[in-house]
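# Topology and contacts: notes
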Amino acid sequence: MAAAPEPGEPGKGKPFKLLGILDVENIPCARDSVLYGSLGSVVAGLGHFLLTSRVRRSCDVGVGGFILVTLGCWFHCRYNYAKQRIQERIAREGIKNKILYESTHLDPERKQTNSDSSN
């Protein structure tokens, strides 16, 4: 009997798609954004209903809350994700250059130690 697939592992089982287009498991930030958006929707709609007792307007506020919170979380998370990817790329290039230039005449650390020992 096969073990149950771990959540978040791409390629195992049928992926969960929201509205048939948004693959929540494989797109970074999608799951958190939708969850926070639904929580924002409930809070905004219920809060508006408790204050005004207007059902239709409260549903409209709930939908607006979902859209605003989902987009806000989406853009914030994607910005941080892109920033992290840029930092990883810079670190990867730095490590590659360190490996490439280590123990050669182009090594900046070697130049510093040679100039210090000659003084």
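Residues numbered from 1 in each chain as written. Predicted model: local features only at pLDDT ≥ 70, side-chain atom pairs only at ≥ 80, totals over all residues. Heavy atoms only, no water.

The name that an unreviewed UniProt entry assigns to the chain is Cytochrome c oxidase assembly protein COX20, mitochondrial, with the source organism given as Microcebus murinus. Annotation of the chain in UniProt includes, under Subcellular location (unreviewed entry), the sentence "Mitochondrion inner membrane". Recorded in UniProt for the chain, the comment headed Sequence similarities (unreviewed entry) runs: "Belongs to the COX20 family." (UniProt positions renumbered as here; feature names shortened; annotations may be inferred.)

### Some points on a positive patch on the surface
The grouping of R78, R85, R89 and R92 at the surface amounts to a positive patch. Within the fold, R85 resides in helix α2 (residues 55-101). (Patch = residues over 30% accessible without salt bridge, like charges linked within 9 Å, V, L, I, M, F, W, Y side chains within 5 Å. Areas by Shrake-Rupley, 256 points an atom, 1.4 Å probe, with all protein chains shown as cover. Salt bridge = Lys/Arg side-chain N within 4 Å of Asp/Glu carboxyl O. Lys, Arg positive; Asp, Glu negative; His and termini not counted. Charge placed at Lys NZ, Arg CZ, Asp CG, Glu CD. Helix = DSSP H or I, 4+ residues; strand = E, 2+ residues; numbered from the N terminus.)

### Points about unusual backbone geometry
Despite not being glycine, C29 shows a phi value in the positive range, around 75 degrees. Mapped onto the secondary structure, C29 falls in the loop between β2 (22-23) and α1 (30-52). Residue classification places C29 among the buried residues on the basis of a relative accessible area of 12%. Positive phi is not limited to glycine here, since S53 has a value of about 60 degrees. For S53, a relative accessible area of 55% gives the class exposed. (Buried < 20%, exposed > 50% of the residue type's maximum accessible area, 1.4 Å probe, protein only.)

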